[in-house]
Amino acid sequence: MANTPQAEKRIRRNDRRAAINKARVSRIRTFVKKVETSLAAGDAAAAAEALKAAQPEMMRGVAKGVLHKNTVSRKISRLAARVKGLATA
């Protein structure tokens with residue numbers, strides 16, 4: 001339990017930020033899921049478009065500090081490789 005006014009304020013602030021960050025991560029997951037569903041359906045064009053939309057969203061998550069840079073880079077790389085593999089197959 002917070003004992004000082006500043007500690008109480010930090011709790012309120014942290015709750016607000018957590019809600020914002022949760023929304024950001026959820027939004028990013030939705031963009032990634034669109035790429036995944038396009039890949040599962042075998043639609044190379046839709047997967048490429050979805051990846052093009054997902055990349056800036058994921059990097060924005062890095063800029064805002066909700067995801068780690070290397071994690072996002074790894075995920076983008078793996079998605080791009082899968083999209084490229086689908087396009088060539």
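Residues numbered from 1 in each chain as written. Predicted model: local features only at pLDDT ≥ 70, side-chain atom pairs only at ≥ 80, totals over all residues. Heavy atoms only, no water.

**Considering the pattern of salt bridges**
What the rule picks out here adds up to 3 salt bridges. A salt bridge links Arg 82 to Glu 36; the nearest nitrogen and oxygen atoms lie 3.0 Å apart. Placement of Arg 82 in helix α3 (residues 69-88) and of Glu 36 in helix α1 (residues 5-41) is noted, with a sequence separation of 46 residues between them. Within this structure, Arg 27, Glu 57 and Arg 60 form a network of salt bridges that share partners. (Salt bridge = Lys/Arg side-chain N within 4 Å of Asp/Glu carboxyl O. Helix = DSSP H or I, 4+ residues; strand = E, 2+ residues; numbered from the N terminus.)

**Re α3**
Spacing of three or four residues puts side chains on the same side of an α-helix, whose turn is 3.6 residues. End to end, α3 covers 28 Å across 20 residues, agreeing with the expected 28 Å (1.5 Å per residue, within 8%). Within the span of α3, buried status applies to Val 72, Ile 76, Leu 79 and Val 83. Taken end-on, α3 shows its buried residues confined to a sector of 70°, consistent with a single buried face. Structural note: α3 exposes Arg 78, Lys 84 and Thr 88 on the side pointing more than 90 degrees away from its buried face. Contact partners of the buried residues in α3: α1 and α2 (44-64). (Expected span 1.5 Å × (residues − 1). Buried < 20%, exposed > 50% of the residue type's maximum accessible area, 1.4 Å probe, protein only. Arc of directions from axis to C-beta. Contact = heavy atoms within 4.5 Å.)

**A word on the nonpolar core**
Formed by 15 residues in total, the largest nonpolar core has its most connected members in Val 35, Leu 39, Met 58, Leu 79 and Val 83. When neighbours within four sequence positions are excluded, Val 83 is seen to be in contact with Val 35, Leu 39, Ala 47, Ala 48 and Leu 51. (Core = buried A, V, L, I, M, F, W, Y, C linked by side-chain atoms within 4.5 Å.)

**Here we look at the packing of α1 against α2**
At a closest axis distance of 9 Å, the pairing of α1 and α2 adopts a crossing angle of 160°. In terms of their interaxial angle, α1 and α2 are classed as roughly antiparallel. Remark: the crossing between α1 and α2 carries left-handed chirality. On the side of α1, the interface is formed by Arg 24, Arg 27, Ile 28, Phe 31, Val 32, Lys 34, Val 35, Ser 38 and Leu 39, while α2 contributes Ala 46, Ala 47, Ala 50, Leu 51, Ala 53, Ala 54, Glu 57, Met 58, Gly 61 and Lys 64. For the contact of α1 with α2, the residue count by class is 12 nonpolar, 2 polar and 5 charged. (Axes fitted to C-alpha atoms, helices over the stretch in contact; angles between N-to-C directions. Parallel < 35°, antiparallel > 145°, perpendicular 65-115°, else oblique. Left-handed = near helix turned anticlockwise from the far one by under 90°. Nonpolar A, V, L, I, M, F, W, Y, C, P; charged D, E, K, R; others polar.)

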